[in-house]
Amino acid sequence: MYMHYDTKMYKVFTVFNIIFVTLIGMLCILPMIHILAVAFSGKAAATANLINLWPVNFTADAFVETLTNRNFSHALAISVGRTLLGLAFFLFFTILTAYPLSKSEQDFKGKNIYLWFFVFTMFFSGGLVPTYILMTRLKLINSIFALVLPGALNVWSAILLINFFKGIPKELEESATIDGAGRFMTLLKIFLPLSLPSLATLSLFTMVGHWNSWFDGMIYNTKMENYPLATLLQIIVVQQDFSKITADPHDLADISNRTVKAAQIFIGAVPILLVYPFLQKYFVSGIVVGAVKG
Amino acid sequence: MLSCRKLLAASLAGAMLIAAAGCGGAGENPEAPEVALTEENSSLKNGHVFYDPPIQLNIARSVGPDAKFKPGQDVNKNDVTDWMLEEFGVKANYMWTTPTTDNAFYTKIMLSISAGEELPEFFSIPGAQAHELIDSGLMMPIDGLFEKHAGAKWKNAVAEVQDPWLAYTREGQVYAYPNFDYAYEHEDVMWIRDDWLEAAGMEAPKTLEDLRAVMDAFIHLDSSVTGFDKVYGFTAALQSNYTTWLGVNPVFGGFGAIPQIWMKDEAGDIVYGSTMPQIKTALAEFKDWIDKSYFPPEVGLMNEVAAYELFTSGRAGITMGATWCYDWPLQDVEKNVPGAKVGAYPIPNGPTGSFLQSGNGTHYQVVLFSKASKNPQVFFEITDYLYDNYAEPEKGSQFEYGFKDGFDYIVKDDGTVSYIEDDIPGGKASVLFFSAPMIPSQKIAIASYLAEGNEPETPAQIQKSVGWNQIFLDAARIVMSQKEYTVYDLFTGAPTPTMVEKLADLKAFEVSNFSNILYGKTGLDEGFDSWLSYWSSNGGVQITEEVRQWYKDAGGE
C-alpha cells in the first residue's frame with residue numbers, strides 16, 4: 001500500500017522538499033534575527049547599517065533602556081490586557097451568535113433574517129466618524145472597552161464557525177439530546193470540544209489582530225499613558241522628517257536610535273509569538289472522522 | 001442546565017449595562033471645569049497679567065518622542081504648568097494629546113469637529129494642514145491680539161522673518177500665529193571626509209569643476225586608504241524629493257534653478273522650478289555623475305536614510321546637508337571607520353559663478369485659535385512675557401540658566417551649572433510652553449559668533465551653546481556667510497483647485513521622467529521636452545496662473 005514511499009524519486013523529492021521548506025522557514029526567521037542583532041549592537045554601527053545577522057560592538061544597552069522605560073512596560077501591560085479581554089469578548093459573542101445560526105430553519109424560525117442582519121454589517125459600516133461619535137457618546141474614550149467592544153462580534157469569524165458547526169455530524173447532537181442534554185449543554189459538551197481547531201485558529205487571528213491594532217488605540221485615547229504597545233511602536237517606527245523639527249542634536253540622535261527601536265520591536269513581538277506553540281496542538285483536523293459508525 | 005441559565009442571565013445583564021452606559025446623554029460632562037472665567041478677573045502682578053481666581057484653558061497638543069517628563073509628571077502637571085498657575089493664574093488643561101507622527105493631531109482635530117466636540121481654545125498644527133481649518137470658518141483672526149499684546153522684543157523677532165503672515169492671511173485678516181523656527185539651521189553645507197581629502201592631496205572644492213576633480217580622486221583612492229573595494233564620491237537622496245535634507249538642491253542651484261519649488265525666473269515671473277531650462281543642464285550633469293560612478297548606481301532610489309548609511313559606513317566621501325548633520329548622523333563614520341574625519345565646507349559655486357539653495361521655510365507649525373476660545377489672549381500674554389524674560393535672559397534673572405533649577409539644568413554643589421542628563425535628578429525635562437519664544441536668527445548668530453573663537457558670555461550664549469562642537473560652529477559660520485544664496489518656496493498658501501486635482505500626477509511624472517533621464521532610458525532633450533509638454537498640457541499652466549494670482553492677492557512682491 002505504501003510502496004511509492006520507497007521509490008528513489010520519492011526520496012529525492014523528500015530531500016528537496018525539506019530543503020525548500022527549511023529555506024522558507026529561514027526567510028521567516030531571518031528578519032527577527034536581524035532585528036535582534038541590531039538591538040544588541042552599538043549605535044554607530046546601526047546608523048551605518050553595518051549589521052547583518054550578528055551584533056557589531058555587542059552591548060545590551062538598548063534592552064536595558066527599553067525594559068526600564070516605564071511607558072513601554074505600561075503599554076505592554078495594556079496590550080496584554082486588551083488582547084485577553086478582547087479574546088474573551090470575541091469568543092463569548094461569536095460562539096453565541098454562530099451556534100443558533102448554525103441550526104436549520106425548522107429549528108430556528110427567522111434564522112435567515114438574523115443571518116442577513118449580521119452579514120449586512122460585513123459590507124456596510126458607519127465609517128470612522130460615526131464610530132468615533134458612538135464611542136464618545138458611550139463615554140468609552142480612554143476606556144479599554146473602546147478597544148475591545150467594536151470587534152467583540154466578528155461576523156466573518158461567526159460565519160466560519162457557523163459552517164464548522166454545520167459540519168459536525170447531526171448524530172452526535174442527537175445522541176446528546178437522547179441523553180437529556182439541552183441546547184446549552186450540547187453546545188458546551190459536544191460542539192465546543194469538537195470545534196477546538198477552528199476556535200484556536202479564530203482565537204489566534206483575534207489575538208494577533210488586537211496585538212497589532214494601533215489606530216483605535218490612538219483615536220480613542222486622549223492620553224499617551226493609555227496607549228497600547230502597537231500604537232507606541234507605530235510612533236517609534238515611523239520615520240520622522242528631520243527637516244521639520246527643531247534640531248537639537250541630542251534629540252535627533254535619540255529619536256533615530258535604531259538599536260532601541262529594534263529592541264522595542266523585538267520585545268513587542270515576543271508575547272504574541274509565544275501564543276503560537278500553545279495553540280499549535282489544537283491545529284489538528286479530522287477529529288470527527290470516525291465518530292459516527294454505521 | 002442551571003449554570004447555563006446563569007450564563008445567559010449574566011450576558012443579558014452585561015448587555016443592559018452597556019446600553020445603560022449609552023443613556024448618559026451628551027450634555028452632561030463629569031469633568032466640568034471648576035473655573036471658566038474671562039478677562040474680567042485679571043489684575044496685574046509683577047507687571048504682567050494675573051488671573052484671580054485662576055482661569056482654565058482647555059487646549060490640546062501633540063507630544064513628540066523628544067518630550068521628556070520628570071518622574072510623576074505629565075503634560076498636564078509639570079513644573080511649567082505649575083509655574084503658569086502661580087505666575088499667571090492660568091491652569092493649562094490639555095484635553096487630549098496625540099503623537100507627532102502620521103498626521104495624528106490632524107486626524108484627531110477633524111474627528112473632534114465632525115463629532116461636534118469642544119475644540120481646543122488654541123493648538124499647534126502643521127502649516128500645510130492649517131489652511132483647511134482656517135477656511136472652515138471655525139478659527140479666529142488674531143492680528144488684533146498680536147498687535148495688542150506683543151511687546152517690542154517679540155515684534156522684533158517676527159520682523160526678522162520675510163512675509164511672516166502671508167500664507168495665513170484671508171481678506172486682510174491673519175488667522176494663525178506661525179511657530180517660527182531658528183533660521184538657517186537647516187541650510188546646507190558640504191560635508192567631506194577630511195582624511196580622504198588629505199590622502200588625495202587635494203583642497204576642498206570651490207567650484208563644480210573642483211568638485212568633479214575631488215570626486216574623481218575619491219573613487220580612485222586605494223582600498224588600503226578607504227577600507228572598501230568600491231567607494232563613491234557623493235551620496236544623496238534623489239528618490240522623489242529633490243529639496244530634502246541630504247539632497248543635491250545646492251548643486252541644482254549652481255545651475256541657477258531649484259526643482260520642485262516656486263521661484264522667480266530671469267523675467268521675475270513665478271514659475272515651477274523643475275520646468276526651468278537650467279534643470280535640464282543639471283540633469284545632464286547628474287547623469288554624468290552616475291555614469292562615472294561619482295554617485296552610487298542606486299542614487300535615484302535612495303532616501304535620506306540610505307544616503308547617510310553610505311556616508312556613515314565609510315563608503316562615500318561627500319554629501320550636502322544641514323548644520324546639524326555632523327552631530328547626527330554623519331559623525332558616526334568616525335566611530336565605524338578608524339581614522340575617519342569629517343569637515344564642513346561652503347557649497348561650491350556652479351557654472352553661474354554662484355549657487356542657490358532651497359530654504360526650509362520659516363516655520364513648520366502654526367497656532368490656530370478656535371472661534372469658541374474664551375481666553376485667546378492668554379497665549380499672547382504668556383508668550384510675550386517669555387520673549388521679554390526667557391528668550392534672551394538677563395544675568396542674575398530668574399531664567400539665567402534655563403527654566404528651573406533641577407528641571408532642565410542643575411546648579412551643582414560647587415556652584416557650576418550642568419545641563420547633562422545624568423547630573424539632574426530624575427533626568428532633564430522638556431520645557432513645554434504653548435509656543436517656544438524663538439528669535440529666528442539667534443541660534444546660528446550665536447554659533448557663528450563662537451566659531452570665530454569668542455567665549456560664550458551672555459546667558460543666552462551659554463545656554464544655547466551647551467553640547468555644541470567645533471564642527472557645528474564651522475557649519476554655522478558657513479551658512480551665515482552664504483545666507484544670501486537661500487531662496488524660499490514662494491508659494492505657501494493652501495493647495496489651489498488645480499493643484500488638488502493634478503499636482504500629484506504631475507509630480508509623479510516629473511520624478512519618473514527625471515529618473516529616466518538620469519539613467520539614460522530616455523535622451524536628455526527628448527526626456528526634458530516630454531516633461532515640459534506634459535506639464536503644460538496636464539494642468540501646469542493653470543497651476544502657475546493660480547500660484548501667481550495667489551501671490552498677488554496675498555500681497556507678495
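What you see as residue numbers is a count from 1 along each chain, following the sequence as written. For this description, chains carry letters from A and ligands carry numbers from 1, given in the order in which they are written. In keeping with the predicted nature of the model, local features appear solely for residues at pLDDT of at least 70, side-chain atom pairs appear and are counted solely at 80 or more, and the whole-chain, interface and lining totals rest on all residues. Values reported for side chains reflect all heavy atoms of the structure, with hydrogen atoms and water molecules removed beforehand.

A. Inspection of the sheet that holds strand β9 (residues 188-193) of chain B at higher detail. Residue and element names in this part refer to chain B. The strand order across the open sheet formed by four strands is β10-β13-β9-β14, and the pairing between neighbours is mixed. Strands with a single pairing partner mark the edges of an open sheet, and in this sheet they are β10 (232-234) and β14 (342-345). Ignoring which end each strand starts from, the neighbouring axes of this sheet average 25 degrees apart. Between any two strands, at least two bridges found by DSSP are needed for them to pair. A run of DSSP states H or I qualifies as a helix once it reaches four residues; a run of E qualifies as a strand once it reaches two. Both are numbered from the N-terminal end. One ladder, built from four bridges, connects β9 with β14; its direction is antiparallel. Bridged to R193 within β14 is V342. Lines fitted to C-alpha atoms define the axes here, with helix axes fitted over just the stretch in contact, and angles between the N-to-C directions of these axes take values from 0 to 180 degrees.

B. Structural view of the environment of K166 of chain A. All names here are of chain A. Mapping K166 onto the fold places it in helix α8 (residues 155-167). Expressed as a C-alpha distance, the spacing of K166 and N52, which sit 114 residues apart in the sequence, is 50 Å. We call two residues contacting when some pair of their heavy atoms lies within 4.5 Å. Among all residues touching K166, those that are not within four sequence positions of it are S102 and K111.

C. Just the nonpolar core, in detail. All names here are of chain B. The definition of a nonpolar core used throughout is a set of buried Ala, Val, Leu, Ile, Met, Phe, Trp, Tyr and Cys residues joined through side-chain atoms within 4.5 Å. Whether a residue is buried, partly exposed or exposed follows from its accessible area with a 1.4 Å probe, protein chains only, as a fraction of its type maximum: under 20%, in between, or over 50%, in that order. Among the nonpolar cores identified, the biggest contains 61 residues, and F234, V248, W262, F286, W289, F295 and I318 are the most heavily contacted of them. Those residues within four positions of F234 in sequence are excluded, and the remaining contacts are M215, V248, W289, Y294, F295, P296, I318, T319 and M320. Within the second largest apolar cluster, 50 residues are counted, among which are V49, V161, Y182 and M438.

D. Spatial organisation of unusual backbone geometry. With an omega of 0 degrees, the peptide bond between D52 of chain B and P53 of chain B qualifies as cis. Residue P329 of chain B is reached from W328 of chain B by a cis peptide bond, and omega for that bond is 0 degrees. Of note, N49 of chain A is a non-glycine position whose phi angle comes to about 55 degrees, a positive value. Residue placement: N49 of chain A occurs in the loop between α2 (43-47) and α3 (61-67). For N49 of chain A, a relative accessible area of 37% translates into the label partly exposed.

E. Spotlight on the domain arrangement of chain B. Residues and elements named next belong to chain B. Domain boundaries assigned for chain B yield domain 1 (39-182 + 364-388) and domain 2 (188-358 + 488-553). Either an automatic procedure or a domain database provided the assignment from which the domain bounds are taken. Between the C-alpha centres of domain 1 and domain 2 the distance comes to 37 Å. Listed per partner, the contact involves four residues of domain 1 and five residues of domain 2. By buried area we mean how much accessible surface two parts lose on assembly, using a 1.4 Å probe and totalling the loss over both. Taken together, both faces of the contact between domain 1 and domain 2 bury some 390 Å²; the carbon and sulfur share is 62%. Ranking the residues of domain 1 by area buried against domain 2 places H131, L166 and A167 at the top, with a combined share of 77%. Within 3.5 Å is the distance limit for a polar contact, defined as a pair of N or O atoms, with the added protein rule that one can donate a hydrogen and the other accept it, and that residues adjacent in sequence qualify only through two side-chain atoms. Taken together, domain 1 and domain 2 are joined by one residue pair in polar contact (both at pLDDT 80 or more). Considering only residue class, the side of domain 1 that touches domain 2 consists of two nonpolar, one polar and one charged. For this classification, Asp, Glu, Lys and Arg are treated as charged, while Ala, Val, Leu, Ile, Met, Phe, Trp, Tyr, Cys and Pro are nonpolar and the rest, including Gly, are polar.

F. Layout of the pattern of salt bridges. By definition, a salt bridge exists where a carboxyl oxygen of Asp or Glu is found within 4 Å of a side-chain nitrogen of Lys or Arg. Across all of its chains, the model carries 18 salt bridges over all chains by this definition. R183 of chain A is the partner of E173 of chain A in a salt bridge, and the nearest nitrogen-oxygen pair spans 3.5 Å. One end of the pair, E173 of chain A, is in helix α9 (residues 170-178); the other, R183 of chain A, is in helix α10 (residues 183-194), with 10 residues separating them in the sequence. In this structure R183 of chain A comes out as partly exposed when scored by relative accessible area, which is 44%. A salt bridge links E147 of chain B to K155 of chain B, with the nearest nitrogen and oxygen atoms 3.4 Å apart. Residues participating in the shared-partner salt-bridge network are R212, E285, D288 and K292 of chain B.

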